[in-house]
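Remarks on the overall topology
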Amino acid sequence: MPTFSEPSLPPFFEQQQLSIGALKQSGLPLEETTYLTIGGGIGSFIWADHLVIHGVDPATIVALGLEARPYARLRRLCRNSQIFEHDRLRSDSGGTPDNIWGWPGYALREMGRDLRRGRARQAARLAWQIFSEPVLHHPFTPQAGDVFTSLDREARRIGWSSIRRFGLAQAVRKTNDGRYVVAYSPTMALKGSCRLILARYVHLAVGYPGVRVLPELDRYRQQRDYRRHFVNAYEPHAHVYRRLRQTGGTVILRGRGITASRIIHRLHQERERNPNIRILHLMQTPKPHGPRYYYARRLTQNHFDHQPYNFPKACFGGDLRRVMERADDQERAGLVGLWGGTTTAKRPLWERIITTGLNEGWYQIRFGRLARVEPAQNGLTVVVRGDAAWLEEITLRADFIIDATGLEIAPERSPLWRDLRQCYRLPKNQVGQIRVTNHFEVAGLRNLTGRVYAGGIMILGGPFAPVDSFTGLQYAAQKSVESLIAQGAPGVRRLGPVRSVGQWTRWAAGVSP
Amino acid sequence: MTPTLWGRWQTRLLLLSTVGLLITLGFGVLFGNWVTPLALLGYVLLLGLVWDVVYQGVQSLRWDRDWPPLFMAAGGLLEALLLWGLVKADVLWAGLGLTGPPGVSPELTLMQFALHYGTVFVVMFSLMLGPMRVIFLQWRFRGGQFF
């Protein structure tokens, strides 16, 4: 990937501030816009959607990214981790990336669809679920396909195809007239082609830099002998299920978050075709009980931490959101660790699978680390070392190792953020991510009237805890729009009650904003 | 939306003084008595300010610190029962030298009370589950607070 010093960037990009004259003399294609969002995924889409609904002319917005559809990467990661269109995401009904108001939520829309299809009983059941959740019923979560379809509809409504531009952003620099210039590659061929685009307001939402591989496992993945047997849950690994269906086998699973739960569910589905499939769930340490926050304690069962979403619900818009916003950097890091961390949702089916598996013995939990992995005939020989107190080592034969420990979040792993940090010495917060203000501005990049905002996982540990959720991206977009309004940014108008209802009515009618 | 205490108070005040008031005036016409429905609305507001402190306390015992619709409905029912109990607590009012809570007619029937209270509650409940988010864009993030 290109970086600060790679030759695909013009040499003058080594400077912190570039002159407009030099850019024009460079001979590189140069264009201008007012609002530019980099990433082109759901974070960019939500930001652009907010701008358009707040009155900005879509012709003054550019979204730079590699995919035509804003949800393309999310869908790919979902499919790889065995969440298909009909499966449900871990998201609140009101987490609606296609609708800045969060209403109607996906539950109400699903009820409407059921009623239109004459499935009154199903609609009534759903109504009861959303009325009684999470007390008497597990919380409603939307089907992935419904989210994607709704994003398509909103994309058409706001003219996303005109806003979106294919390009890989390589570097962002301040200019001497209070703007920013972004160097990007308009093709997948990274070297040799570079275009420049100027913008007054820039938004960075590049998402996760890649899949996370635990250091003790990384070296094995580099070797050809292991590659097909040692997979990451977020990478394509359909061959694992095909092979298990045919021959059965043992899977060692790492991670205990929502993805691990879904992988167990998927393996259980294969077990119904071939009962000779076993799961060894390798956890580093036992988890007898969840963390406590004042009088409340998080539910823990079978060493899984349970909460409906990746953070307690009040972090999305209640008193915990306010606690987070008011906390200092150090406190925020503590709260992210306490409220967040690796958790999964309590779903009756998953509970039944775990309980049945434990009782029947085909699902077992072991505590320890992978000490060694060696190739064996059609599989792997795995040495697991218990915790320090016992120093026990057990040798297992496994057919596959599935690593479901998550995605990489470090800014250093993102070429664009790494370059920005090197060039402008941007400070990190205590979580290790990029520090932003309460309006999600990257203060270190302020340039006269120019502003840079950020959203998504890169700013975890900032003023909002669930920052990489649909609702978190909406909150960040809304706060940055508030900041733009305060500065008198062109075209952005406050959305008071009357205009808000008017815009919502246009959304409901499917009319462009 | 998971409310804060300020959010509960502000939302209650706003909704009761707008849609709550309109509905109450409608019942005033229906019952041929303006004072009793208005007095009841006032009591719902005043007692509600106290109830909200209790609700917030219960909410803080929950890990998610949320306030599910079921709890909202249960709270509404509890508030109704307490208010009706107070309206009909003849012994209490007699001790104070009154025939009932000030402003409330002794002829108020349970049906009238249930219709009035129920309508106000259901409309407020429905508004809080959705349309409030549309009217006030930041309401859901601010835990029901307007300022």
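Residues numbered from 1 in each chain as written. Chains lettered and ligands numbered in written order. Predicted model: local features only at pLDDT ≥ 70, side-chain atom pairs only at ≥ 80, totals over all residues. Heavy atoms only, no water.

**Quick notes on the environment of Pro275 of chain A**
You can see Pro275 of chain A is positioned in the loop between helix 11 (258–271) and strand 13 (277–283). Measuring from C-alpha to C-alpha, the distance between Pro275 of chain A and Gly248 of chain A comes to 7.3 Å, with 27 residues separating the pair along the chain. (Helix = DSSP H or I, 4+ residues; strand = E, 2+ residues; numbered from the N terminus.)

**What about the sheet that holds strand 6 (residues 168–175) of chain A?**
Residues and elements named next belong to chain A. Overall, mixed pairing links the five strands, which are arranged 1-6-7-8-2 in an open sheet. Strands with a single pairing partner mark the edges of an open sheet, and in this sheet they are strand 1 (17–18) and strand 2 (30–32). Relative to strand 8 (residues 195–199), strand 7 (residues 180–185) runs antiparallel, the two being bridged by five bridges. Bridging from a neighbouring strand, Tyr180 pairs with Ala199 of strand 8. (Pairing = 2+ DSSP bridges.)

**Concerning the sheet that holds strand 3 (residues 35–39) of chain A**
Residue and element names in this part refer to chain A. An order of 5-4-3-9-24 is seen for the five strands of this open sheet, with the pairing classed as parallel. With partners counted over all chains shown, the strands left at the sheet margins are strand 5 (164–166) and strand 24 (451–454), one partner each. Strand-to-strand twist of the sheet, defined as the mean angle between neighbouring strand axes without regard to direction, takes the value 25 degrees. Packed on one face of the sheet, helix 2 (residues 42–53) meets strand 3, strand 4 (61–65), strand 9 (201–204) and strand 24 and runs near 160 degrees to strand 3. (Axes fitted to C-alpha atoms, helices over the stretch in contact; angles between N-to-C directions. Contact = heavy atoms within 4.5 Å.)

**Regarding helix 2 of chain A**
All names here are of chain A. With twelve residues, helix 2 should reach 16 Å at 1.5 Å per residue; the first-to-last C-alpha distance of 16 Å fits that figure. With twelve of its twelve residues buried, helix 2 lies for the most part within the structure. All of the buried residues in helix 2 are Ile42, Gly43, Ser44, Phe45, Ile46, Trp47, Ala48, Asp49, His50, Leu51, Val52 and Ile53. Immediately downstream of helix 2, the backbone of Gly55 shows phi near 110 degrees, a positive value. (Expected span 1.5 Å × (residues − 1). Buried < 20%, exposed > 50% of the residue type's maximum accessible area, 1.4 Å probe, protein only.)

**Brief notes about the pattern of salt bridges**
Residues and elements named next belong to chain A. Evaluated as defined, the whole model comprises 37 salt bridges over all chains. Across the salt bridge formed by Lys313 and Asp92, the nearest N and O atoms sit 4.0 Å from each other. In this pair, Lys313 sits in the loop between strand 17 (304–306) and helix 12 (319–326) while Asp92 sits in the loop between helix 3 (72–80) and helix 4 (106–116), placing the two residues 221 residues apart along the sequence. When its relative accessible area of 22% is taken as the criterion, Lys313 is described as partly exposed. Ionic contacts of the salt-bridge type, sharing partners, join the residues Arg245, Arg266, Glu270 and Arg273 into one network. (Salt bridge = Lys/Arg side-chain N within 4 Å of Asp/Glu carboxyl O.)

**Some thoughts on helix 6 (residues 144–158) of chain A**
Residues and elements named next belong to chain A. Here helix 6 contains 15 residues, and its C-alpha end-to-end distance of 21 Å stays within 8% of the 21 Å for a straight helix at 1.5 Å per residue. Along helix 6, eleven of the 15 residues are buried, which leaves the element largely enclosed by surrounding structure. For helix 6, every residue scored as buried is listed here: Ala144, Gly145, Asp146, Val147, Phe148, Ser150, Leu151, Glu154, Ala155, Arg157 and Ile158. Of the surrounding secondary structure, the elements contacted by the buried residues of helix 6 are helix 2, helix 3, helix 4, helix 7 (160–163), helix 16 (470–487) and helix 17 (497–509). One or two positions beyond helix 6, positive phi appears at Gly159, with a value near 75 degrees.

**Some remarks on the pairing of strand 6 of chain A**
Residues and elements named next belong to chain A. Within strand 6, eight of the eight residues are buried, which leaves the element mostly enclosed by the surrounding structure. Judged from the six bridges that link them, strand 6 and strand 7 form a sheet pairing that is antiparallel. Looking at strand 7, one finds that Leu168 is bridged to Ser185. What sits between strand 6 and strand 7 in their antiparallel hairpin is a turn of four residues, with Gly178 showing a positive phi close to 80 degrees.

**Topic: a nonpolar patch on the surface**
All names here are of chain B. A contiguous nonpolar surface patch, about 640 Å² in accessible area, is contributed by Leu21, Leu22, Leu25, Val29, Trp34, Val35 and Leu38. The set of elements that each furnish at least two residues to the nonpolar patch consists of helix 1 (5–31) and helix 2 (35–59). For the nonpolar patch, the element with the highest residue contribution is helix 1, accounting for four residues. Structurally, the position occupied by Val29 is in helix 1. Taking the relative accessible area as the measure of exposure, Val29 reaches 57% and is therefore exposed. (Patch = residues over 30% accessible without salt bridge, like charges linked within 9 Å, V, L, I, M, F, W, Y side chains within 5 Å. Areas by Shrake-Rupley, 256 points an atom, 1.4 Å probe, with all protein chains shown as cover.)

**As for the confidence of the model for chain A**
Mean pLDDT over chain A: 94, with 97% of residues reaching 70 or higher. Across residues 1–7 of chain A the pLDDT falls below 50, and counting only partners more than four positions away or on other chains, this stretch makes 21 contacts in the model. (pLDDT = per-residue confidence, 0-100.)

**So, the interface of chain B and chain A**
At the junction of the two partners, chain B supplies 31 residues and chain A supplies 47 residues. At the junction of chain B with chain A, the criterion picks out one salt bridge. Note that Arg65 of chain B and Asp319 of chain A form a salt bridge whose closest N and O atoms lie 3.0 Å from each other. Joining chain B to chain A, the criterion identifies 16 residue pairs in polar contact (both at pLDDT 80 or more). Mapped onto the side of chain B that touches chain A, the elements with two or more residues apiece are helix 3 (69–87), helix 5 (110–129) and helix 6 (131–135) of chain B. For the side of chain B that touches chain A, the per-class residue count stands at 16 nonpolar, eight polar and seven charged. (Polar contact = N/O pair within 3.5 Å; in protein donor to acceptor, adjacent residues only side chain to side chain. Nonpolar A, V, L, I, M, F, W, Y, C, P; charged D, E, K, R; others polar.)

**Quick notes on the pairing of strand 19 (residues 369–376) of chain A**
All names here are of chain A. The pairing of strand 19 with strand 20 (residues 379–385) spans seven bridges and is antiparallel. Bridge pairing in strand 20 places Val373 opposite Val382. The antiparallel pairing of strand 19 with strand 20 creates a hairpin that spans two residues between the two strands, and Asn378 there sits at a positive phi of about 55 degrees.

**A word on the packing of aromatic side chains**
All chains considered together, the criterion is met by 25 aromatic pairs over all chains. Measuring from ring centre to ring centre gives 5.5 Å for Trp103 of chain A and Trp504 of chain A, while their planes differ by 20 degrees; the resulting arrangement is stacked. With Trp103 of chain A in the loop between helix 3 and helix 4 and Trp504 of chain A in helix 17, this residue pair connects regions lying 401 residues apart in the sequence. Residue Trp504 of chain A is classed as buried on the basis of its relative accessible area of 18%. Taking the centre distance of 5.4 Å and the plane angle of 85 degrees together, the rings of Tyr293 of chain A and Trp339 of chain A count as edge-to-face. Pair noted here: Tyr293 of chain A is in strand 14 (residues 292–293) and Trp339 of chain A is in helix 13 (residues 329–339), with a separation of 46 residues, a long-range link. Accessibility expressed as a relative area gives 0% for Trp339 of chain A, which makes it buried. An aromatic cluster is built from Trp128 and Phe131 of chain A together with Trp84, Phe113, Tyr117, Phe121 and Phe125 of chain B, whose rings are joined through pairwise contacts. (Phe/Tyr/Trp six-rings, centres within 6.5 Å; stacked < 30°, edge-to-face > 60°.)

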